[in-house]
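What follows is each chain in one-letter form.
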Amino acid sequence: DQQVKQNSPSLSVQEGRISILNCDYTNSMFDYFLWYKKYPAEGPTFLISISSIKDKNEDGRFTVFLNKSAKHLSLHIVPSQPGDSAVYFCAATGRGANSKLTFGKGITLSVRP
Amino acid sequence: AAGVIQSPRHLIKEKRETATLKCYPIPRHDTVYWYQQGPGQDPQFLISFYEKMQSDKGSIPDRFSAQQFSDYHSELNMSSLELGDSALYFCASSLGTGPGPYGYTFGSGTRLTVV
């Protein structure tokens with residue numbers, strides 16, 4: 001049972017435009033959400049996170065939106081750059097210390113010059 | 001800044017052999033997590049340690065074992081290797097309170113190929 005779902009396997013956008021990456025979750029115990037960027041043969045790199053007490057968190061070109069009632073979050077990248085081309089994983093964790101992450105299957109973003 | 005160090009980066013083993021993967025967390029991080037990512041798959045949680053004690057267990061086969069040492073580095077021991085164990089193995093570390101404000105950083109991974 002996939003508790004974190006990234007239903008679109010890939011996304012292609014033009015450089016300078018907005019990239020919107022979506023993520024849905026089913027476990028209501030999740031209360032902290034993270035986005036990771038991953039290049040082939042490298043470890044995931046933390047991008048941005050959001051706590052369940054917020055509905056928006058912004059860091060430079062990256063903004064994450066959380067809709068708790070819909071169990072949905074999205075990552076917006078504006079403006080998209082060719083260097084953003086990578087696999088993006090949505091991850092979630094519950095309360096308490098030492099919480100493991102549950103990952104989605106990832107989405108491959110391609111930004112065309 | 002120091003990151004999470006994993007060794008080796010690449011490992012090739014034959015079926016039924018054993019393998020040991022090492023993870024050195026960020027200094028002062030006391031929690032280590034192991035994940036397995038198969039080809040085309042999302043990372044799957046295997047096991048975690050906090051202050052040298054197992055803190056959580058995921059889909060780790062009985063053929064695998066792990067421990068965290070007094071210097072907080074961790075080793076994942078894999079025996080009776082099978083072809084299906086071929087994957088990228090990631091280690092992550094955090095300060096005990098988890099991935100919230102204190103961060104949760106991944107190493108570059110060890111690519112294990114079983115032939």
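Coordinates for the structure precede this section.
Residues numbered from 1 in each chain as written. Chains lettered and ligands numbered in written order. Predicted model: local features only at pLDDT ≥ 70, side-chain atom pairs only at ≥ 80, totals over all residues. Heavy atoms only, no water.

A. Representation of the state of the cysteines within the structure. Residue and element names in this part refer to chain A. Under the criterion given, the structure shown has two disulfides over all chains. Linked covalently through their sulfurs, Cys23 and Cys90 form a disulfide whose S-S length is 2.0 Å. Because the torsion about its S-S bond is -75°, the bridge between Cys23 and Cys90 counts as left-handed. Of this pair, Cys23 sits in strand E3 (residues 19-25) while Cys90 sits in strand E9 (residues 86-93), placing them 67 residues apart in sequence. (Disulfide = S-S within 2.5 Å. Helix = DSSP H or I, 4+ residues; strand = E, 2+ residues; numbered from the N terminus.)

B. Highlighting the side chain of B:Gln36. Residue and element names in this part refer to chain B. Take Gln36: it is sitting in strand E4 (residues 31-37). Polar side-chain contacts of Gln36 include one of 2.8 Å to the side chain of Tyr89. Setting aside residues up to four positions removed in sequence, Gln36 forms contacts with Asp42, Pro43, Gln44, Leu46, Phe64, Asp85, Ala87, Leu88 and Tyr89. (Polar contact = N/O pair within 3.5 Å; in protein donor to acceptor, adjacent residues only side chain to side chain. Contact = heavy atoms within 4.5 Å.)

C. View of the sheet that holds strand E8 (residues 72-77) of chain A. The strand order across the open sheet formed by five strands is E1-E3-E8-E7-E6 (chain A), and the pairing between neighbours is antiparallel. Strands at the two margins of the open sheet, each flanked by one partner only, are strand E1 (4-5) and strand E6 (56-59) of chain A. (Pairing = 2+ DSSP bridges.)

D. Structural context of the nonpolar core. Grouped together as the largest cluster of nonpolar side chains are 24 residues, with contacts concentrated most on A:Phe33, A:Trp35, A:Leu73, A:Leu75 and A:Tyr88. Among the elements of the structure, E3, strand E4 (32-38), strand E5 (45-51), strand E7 (62-67), E8, E9 and strand E11 (107-112) of chain A are those that each provide at least two residues to this core. Among the elements that take part in this core, E9(A) stands out by supplying four residues, more than any other. Apart from residues lying up to four places away in sequence, A:Tyr88 is in contact with A:Gln6, A:Leu21, A:Trp35, A:Tyr36, A:Lys37, A:Leu47, A:Leu75, A:Ile77, A:Gly106, A:Ile107 and A:Leu109. Core analysis: the second largest hydrophobic core is formed by 22 residues, B:Leu11, B:Ala19, B:Tyr89 and B:Cys91 among them. (Core = buried A, V, L, I, M, F, W, Y, C linked by side-chain atoms within 4.5 Å. Buried < 20%, exposed > 50% of the residue type's maximum accessible area, 1.4 Å probe, protein only.)

E. Quick peek at the sheet that holds strand E3 (residues 19-24) of chain B. All names here are of chain B. Here we have four strands laid out as an open sheet, ordered E1-E3-E8-E7, and antiparallel in their pairing. Each end of this open sheet is capped by a strand with a single partner; those strands are strand E1 (5-7) and strand E7 (64-68). Sheet twist, expressed as the average angle between the axes of neighbouring strands with direction ignored, equals 15°. (Axes fitted to C-alpha atoms, helices over the stretch in contact; angles between N-to-C directions.)

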